[in-house]
Structure formats: C-alpha cells, structure tokens
Amino acid sequence: MTVAGEVVETETVNSGKPLVEVKGLRRVFDLSKPWLNRMIEREGRILLTAVDGVDFAIKEGETYALVGESGSGKSTIAKMAVGLLPPSAGSIMIDGTDVWGKKSQDTERRMRRKIQMIFQDPFASLNPRWRVGAIIAEPISAFGLISDPQDRAARVGELLSLVGLDPRDGQKFPHEFSGGQRQRIAIARALASEPKFIVCDEPTSALDVSVQAQVLNLLRDLQERLGLTYLFISHNLAVVRHVATRVGVLYLGRLVEEAPARDLFAAPQHPYTKMLLEAVPDIDMEGKDRQSIAGEIPNPITPPPGCHFHPRCPVRRVECDVKIPLPLPVGDATVRCHLFDPSP
Amino acid sequence: MPYVTGEETKARIPVSGGAVGALGRMRDSDLWYSFTRSPLALVSALVVALFVLAALFAPLIAPHDPFDPGSISILDSFLPPAWQDGGDARFLLGTDDQGRDVLSTILFGMRISLAVGFASVVFSMLLGITLGLVAGYFGGWVDSVIMRIADVQLTFPAILIALLINGVARAMAGPQSYDKVVFFVLVLSIGLSFWVQYGRTVRGSVLVEANKEYVLAARLIGLGPWTIMFKHVLPNVLGPVLVIATINLALAIITEATLSFLGVGVPPTQPSLGTLIRIGNDFLFSGEWWITIFPGITLAILALSVNLLGDWLRDALNPKLR
Amino acid sequence: MTPALSVRNLRIEIPTRHGVLTAIDDLSFDIAAGEVLGMVGESGAGKSITGSAVIGLLEPPGRVAGGEIHLAGERIDHLPPDRMRRIRGKRIGMIFQDPLTSLNPLYRIGDQLVETIMTHQRMTTGEARDKARKLLEEVGIPAAKTRLSSYPHQFSGGMRQRVVIALALAADPELVIADEPTTALDVSVQAQIIALLKQLCAERGAAVMLITHDMGVIAETADRVCVLYAGRLAELGPVRGVVKLPQHPYTIGLMAAIPSLTGDPDKPLAQIPGSMPRLGTIPDGCAFNPRCDYRFPPCTTERPVAYAAGTSQAACLLHAPEFSRVAPAETLKAADAAGIRLPKPAGEAVR
C-alpha cells in the first residue's frame, strides 16, 4: 500500500500528551412548546439536560470509548466534539484549538480538516444521488487539498484501496454496495481530509456480525497505520472491549466511571458498570446466568435526584438520593459513586 | 477462520447489468420499467408528445396562417367542418367568424397555451423550491414567515390570486404596452398562485433529508448552507416536485384558458385555446358549434393526458404503492 | 408426537422484473411444543420472511412456491385468508421488534387485550377483563388493574414490549413467533424481556420461533438453532452444539466474528471475507463457496443438502461422505483443526 507515509505526517504517536480535551461539557435542550402555547396552557419550560459536566481527555493514537444506553448523551457528545452542535457550557480542545471558541476562518478550516466522523447508518450517510468517487472527493476539494482533477481522482482511488475496495468502485452509486461496503466508503470519505481525530458514532451497530468484524478490524488497522485518534461511541460493551484503550461509562448524561479499558473490564467499580457487564449475553455459554437489571432507564427530562442511578442501585445508601456524587479517583479509574466517598 | 485484511471486494458480485451512460441508466431504471408497462402512461405520454410537437411545428403543419390578414377572406367565415353540408375541403374543422381556419388557430393557440403553461410551471417551481429549501433548512422565524404566507395564500382559490395579480400588473403596465407584456403577466400571475404546493412539499422533504447523516457529513467539512441545500438536499427532494410539476402543468394550462376565457388573458389577435373557446362561445347558440367545441376538446384532451401522466408518475415514484 | 410447527421443503419466491428471486430455498425444520427454536442469519438471509410465511402474511409479490407448513399436524400454507386470520392471534401469537407497531396508539391497552381475548374465546366482558388483568400481572406490570386503562404511549419501551407479549399470549397460542423482540430495547432491559418470554412460553407449553440476528440472545434462550444463509439452511441443531462446536464453515466464521467479553482483546477479530450475496446473484453449488476457507472443487457445482454433522445437521459437502472422500488432504486437515467432525470413510468403520 502506498499510503503510510503520504497520508498523515504522524510525528510521535503515543507521546502522552492529550490530543482531545473535554472539560465541563454540558448540553441542555429546550423541549418547551412555543411561547404562545405555554402562556395559554400555563405550562413551564421543559428542559432536558442531555450532557451534564463531562470531562475526559484522549491521548494521541488512542481510542476512547463512550458507552451508554439510550438517553445517556453519548451521541450528543459526539456531535459537540465534531462541531455540529454547540455545547451549553464547557469546552472541547482538539490539538490546542477550542472547537467552539472564536477563531479566524483560516484556523477554523485547519481545525475542521483534523476532525472527521463516521456515522451509524451507512444507508443514510452517503448521498444516494452522488457517485462514490464524488462523495470521497468532496472533502478534498472543499479543503482545497488537491486542485488537479486527475490527481484528485488518483487520490480517491488510493483511498478506496486503503479501505479494501476496488479503485474502480468510484464510478458506482451507493445503492450498488452492501452495508459493510458502504461503511468502508464512509471511512474513505472521513480519511480524505487527512484527519487526526475521528469520531465513530456506533459505526457497526447497523451491520451484521460478520461484517462488523471486518469494519472493526479495518478501523484498528487504519489507526495503527495512520496514527489516528478515535472517539468511539457504542452501546455494545463487547465491541468496545475490542477497540478501546480507555472507556467512559455514561448514565443519563453523567460520566459514572472512566478507566483504562483493561481495568474496566477486569474490575468494574461503579454498580452501573457492573450491571452493564453482567447484562451482556453469555455467548460462550459458560452457564453464567445473565443478570437482569432491575427497572428501566428513567425519563431524562425528570431524572432521579442525587445520583441518577440510585433507584436501580443494589448497594444504594441513604445519601444517594440527595447528594450528587463527585468524581473520585479509584486506582487508575475515576468513579462517581458514594461508595468510594472517604467521608460518608 | 484466519484473519484477512480488506479482502471483501473479491467476493463481490456486480448487481445490475452494466448499464453505461445516462441513457443506459435511464433504461435500466425502475421508472422506465414501470412506464413501459403502463398502457395509460404510454398513451398519455404519446398524446402529450403529439400535442407538443404539433404546437412546436404549427407554422409548418398548419394549413393556413391565421395571423396573416392577406390569406384570410371574410367570405370564408362560418364554414362548417369539411364533412358537413356546406363544408369546404380547405378547412377541415371549419372556420370562425373572421374566416380563419379553426384547425390552424387551434395549432397556433396551443403554442401559446403550452408556452404559458410551461413557463409558469418553471417559474412557480423555482420560487417554491427556493422558498421551501430556505424554510426547511434554516427553520426558525424565516420558516414561520414563509409558511404563514403560504397558509394565507392557500385559503384563497388559485384563480382568484391569479386574477388579482393579473389586475395589478395590467394596471401597472398601462393599456398600450399590455399586449406586449401579457405573456409575462400571465406567467407571473399563474406562477405566483401555484408556488405554495412546491414550497410545502420541498420544506417537508428538506426537514427529513437535512437530518440525514450525509448532510451532517457535508456540514462537517465546513460547506455553507447554500452549497449543501442545492448540491446535496435538492437532488434528493426532486421526486415529489416532478410529480407536482406535471399535475400543475395541466392546471396552469387550464388556468391560462380560464383567464383568457374571462377576457383578462391573451388578446383575440394572438388567441390561446382559452381565447378561442371564448370567441366561439358567442356563436354556440347560433349553430356554429365547431368554433368553440374543437378548441374545447383539444384543451380537455391535453389537460387530461398531462394529468394522467402526473398520476402515473406519482404512483411510480411512491414505493409504498408499488 | 406431532411437532407444534413443521416446515417441509419451504420455497418462497419473489417475482421481480429481473426474474424470479428465490428468497427461501428448500428449508425444513420442526419446533416441538414447549421448545424455542432460534432463527439466525444476516439481514437478507430470509429469517423474517420465513416467519411471515408461517403466519400467512407474506408481503406481495412474495409467494410460497413450494413445500408445506403444518401447525400441529394441520396444513396451513394454502388456507384461504379468512381462515388464516382466525388462526393468527388464536393459535399463533406474534411479537415484533417495535412494540409501537403492534399496539394501537388510540386505544387503552386494557381494551386491546379484552378485544383480542374476546375475538378468540367465548367470554363475557367481565371475564375477559379479569383475564387481561391476570395477563398483565403475569408479564410483570406493576399495578396491573390501573394500568389497564393506560394508553401505549404512557408505558416505557420495556413495559410496552411486556404488553405486546401479554397480547401475543392472550389466546393461549400453540406457537409464538417473536421477530427481533429485543432489538429495539436497551441492553439492561433485554435480559428481562428474554427471561420473561422464555418463562411464559415454557409454562404454557407454547412453541417459540425466535427470529434474531443476535447470537447472544439465541445462546441463552433457544433450545435449538437454525442458521440461515442466503435463503438456505446452513446449520440446524441443538444450541450448545452450534455455539460451541459449529459444523458449517459459515457458522464457524460467524461464531468467531462475535466480539466477546472473554479472549484476548488485542487480537483482531476473526472475519469472514466478502459479504452475503444478494438474492439473484447466489453462486452455483454451495451459496457460501466464494467466502469459504474449505472450498474444494465440487462446492462450486454441487448443491449441498443437510447432512448429519456432529450433534447437528449442516449443509456442507465436507459432511457428505461421497464428497469428503475426494477432498484434498490439506482441506480435510484444516477442517478437522477447526472442529469440523468429518464423516468416517465407510471402509474404515468396517475394518
């Protein structure tokens, strides 16, 4: 493959400095009815706090996975990280640039080039009326990377073979490909602007298992070759285990546990993380009974007070429904749970 | 199973037979397939095509030039169709009060009817698509303003709005220059009264498309809203627009005819189908039925064929009905 | 004993303008009363269409072009629509992926339950209401009596799926068809629903056809598994055998490709190259042959049928004595290493 050297000038991978830094991230959605309806029906505003004070950092060349069920705010974080949705508070720094800070057009363009995203649904993420070649070439021309049409076409072919497709596939339309192949095309498009940081929002949850393995392996392979940094959003813990270096577990907008992947899977700390792990189907049929988690995720508009997880928690204490737990260090992990509070 | 990298391509099998070029793709499409298997669509398309061709080549195929005073003789006036007693072989469908050949006036009238129809459909389509895109993509107060205007306009019949705009334009142009701008006045008044349907349909489709991930991907690389709207969203909302445009073509032709029939359309010196029907209407009860009936039948067949074509297109593009 | 459901040589065709597509080709399986049969396969493998064929709701232009479907010994695939309608709901219960599509949003769930019960059973309204309350209690809905007068949108996703299960079981059916019943639910709720479905059907002795793409769900719920590939049977056998010691190369690849919580996370996942062919482009011979690691010459010409393979049946020529005899030695060695139980050559057994 011709790519390794040309695609990204990776300096020192794993140099230890974080490429992405998220601090105090918060996002509130206003779900209220229009002003006039509220006045007539005498209803107050309805606010949904989708993301509530999330901090994390991703080192260069690593994969940080955010795990959570519906309503956890993981997709909202993904959209804020790539600059599609403004946060209500907090900051996201990528390679020293604040994604949402004021900056010159030139800095904005340079920053956008570094950030890309791979979406969940490969049937919606490619414009059905465009040829695959045009889809992949779009970021190249949008950022003015290659002006000569022939060189650009050559680059598109290169990207296609990089993701395991035939360079001639650029002539075809998206509907001629299967789900897995489309996801490869989406990956090629994401790579076209030579990014450093890629947000993968449930990239395999719409795919069949055998194809999921192909895409996960491809993502890992590309990371090694191009020194990419991933933010990997998923609800599937087994998938996360195969890709992540660090994992953050979200519950109703709060990061309840944050730890190196190995530690998290070997010794989960937060009661919710433990339950999530126990809820994973026992595919190896080791006879372990899958533990049912009591209850369901509460409505995020009216989350339980104190620790959001307390109504479902098997080890809940008296202070859990009144006091919001603060992030506490437990070994290499950070856990938001009163169990680890030294001053009960 | 051993670990293989990127070998997926090898097992792929081509899906469709290698259709090359735009024409090949069209013939391979589902739309073409459904078209060739719908007798109604085929017949109506044939009729429309025939009418359009006849109108286009009217100066070549019309037996007489109804606008050349030299070739018209008042002595030939009120001749019945050729197969009737007193008919003249030169005038197949008879002549009108000024001795003009009815067949030729129909052919030339259709030119004006179709031209006004097409032009006003294109105008209302451009207007409706733009406003619908803007309303759907930007949302907020822009959306509210555009859609409230549309709502208000929907509460009036289109013909009333066309009459209103027509009256205003007529007053502004003045009586002398009116004949010169009549074409544009008609297009403007019909176009402005029909944009709402396009606007609402496009806005609805945009609301769906704009949240799809391919639009997010385009926003991600910093493309501006207009680029995204026209390059990405528009091609994907054109299907329903095409259906409305076809059905509206029939409506626009009828609206033009109505305006002309009411006397606010094209003048009798440059008659459209509507004008012809109005002229003939005066003689309907004195026995000279052919002057109004033949243009009337032409208008009915034309409008019906276009409408049937539109209905077929709507069904063919709607996967739920297939 | 007569199986609750018996499908014999089922063939489903979909006529299109590119010719007739065969969505299901020569599929046979049985489900005994009280048994859970898992149907797995990738999207497009034909698992849902098989379910639709059994309940007589194939989407036109799809049609059953061959084979037979028996419900407790009675043939049902050629019944007129009105008789089939009486069997659906009464003798066959249905649970779909999205609970919102099975519940009418405009009616209280109590009324929907009572209506279903009274259509199929002779009861007074009072008795039916009583039964509806008992059903809700059985599916674990707290305060069942008051919840009878709630509307579907007042329930959470998991609770709604419980209501759908109650509705499917309302007329005590002999067979329950569950099409991806947990796919729309959160991981933490999935386990509850699966356990409930399994328990209730076992109590009633109802046979269950569990259609899902999630091998994990199958592994903990099903008694037997039917693996489909490109509309054909790949492997059919007891769940333990299929999961632990798969016999068809496709099943082997499928099982290895599933990420799990055990094993080395740093090793790349095993993957099957390529993707499943679309209908109409299925290769000659074995449908899996272009992606198969153990392919040998007859695979591209001979269509395999289900052969005995370990505890299961597998549609793979390696299990057919007459073909595996001519297979190259290295293929046999690799297959043996992958756990494929090759048939013993006839001569050897005698000796």
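Please refer to the structure placed before this passage.
Our subject in this report is the structure included herewith. As the structure is a prediction and not an experimental result, all values here were calculated from the model.

**Looking at the pattern of salt bridges**
Counting across every chain of the model gives 46 salt bridges over all chains. Close ionic contact of D315(B) with R314(B) constitutes a salt bridge, the shortest N to O distance being 3.7 Å. For D315(B), a relative accessible area of 34% gives the class partly exposed. Judged by relative accessible area, which is 41%, R314(B) ranks as partly exposed. The network of salt bridges with shared partners includes R11(C), E13(C), D25(C), R63(C), R232(C) and R303(C).

**Details of a nonpolar patch on the surface**
Residues and elements named next belong to chain B. Residues V152, F156, L160, L163, F261 and L262 make up a contiguous nonpolar surface patch of roughly 530 Å² in combined accessible area. For L163, the position within the fold is in helix α7 (residues 158-209). Judged by its relative accessible area of 32%, L163 falls in the partly exposed class.

**A short note on helix α5 (residues 125-138) of chain C**
Residues and elements named next belong to chain C. Here α5 contains 14 residues, and its C-alpha end-to-end distance of 20 Å stays within 8% of the 20 Å for a straight helix at 1.5 Å per residue. Turning to α5, its buried residues are A128, K131, A132, L135 and L136. Projected down its long axis, α5 carries its buried residues within an arc of 140 degrees, all on one side. Structurally, α5 contributes buried residues whose contacts are with α4 (109-120), α6 (144-147), α7 (157-169) and α8 (187-204). G140 sits one or two positions beyond α5 and adopts a positive phi of about 80 degrees.

**Concerning the sheet that holds strand β1 (residues 18-30) of chain A**
All names here are of chain A. Strand order in the open sheet made by the 4 strands is β2-β1-β4-β5, with antiparallel pairing throughout. Edge strands, defined here as strands with exactly one partner in the open sheet, are β2 (47-59) and β5 (97-98). Both β1 and β2 contribute to a ladder of 10 bridges, which runs antiparallel. Residue pairing across strands places R27 opposite V51, the latter belonging to β2.

Quick notes on the rules
Numbers given for residues are sequential positions, taken from 1 along each chain in its written order. Lettering for chains starts from A, numbering for ligands starts from 1, and both go in the order in which the items are written. Per-residue local features of the predicted model are confined to residues with pLDDT of at least 70, and side-chain atom pairs are confined, for both listing and counting, to 80 or more; whole-chain, interface and lining totals are unaffected and use all residues. To get the side-chain values, take all heavy atoms of the structure and skip hydrogens and water. Salt bridges are identified by distance alone: a Lys or Arg side-chain nitrogen within 4 Å of an Asp or Glu carboxyl oxygen. For the exposure calls, accessible area comes from a 1.4 Å probe over protein chains only, and a residue counts as buried if that area is under 20% of its type's maximum, exposed if over 50%, partly exposed in between. The patches described consist of residues with a relative accessible area above 30% and no salt bridge, like charges being joined within 9 Å and nonpolar side chains (Val, Leu, Ile, Met, Phe, Trp, Tyr) within 5 Å. Only the protein chains shown count as cover for residues, and all accessible areas are computed by the Shrake-Rupley method using a 1.4 Å probe. Counting from the N terminus, the helices are DSSP H or I runs at least four residues long and the strands are E runs at least two residues long. In a helix, the anticipated span is given by 1.5 Å times the number of residues less one. What the arc covers is the set of directions going from the helix axis to the C-beta atoms. Note on contacts: a residue pair is in contact if any heavy atoms of the two residues lie within 4.5 Å. Strands are treated as partners if at least two bridges between them are detected by DSSP.

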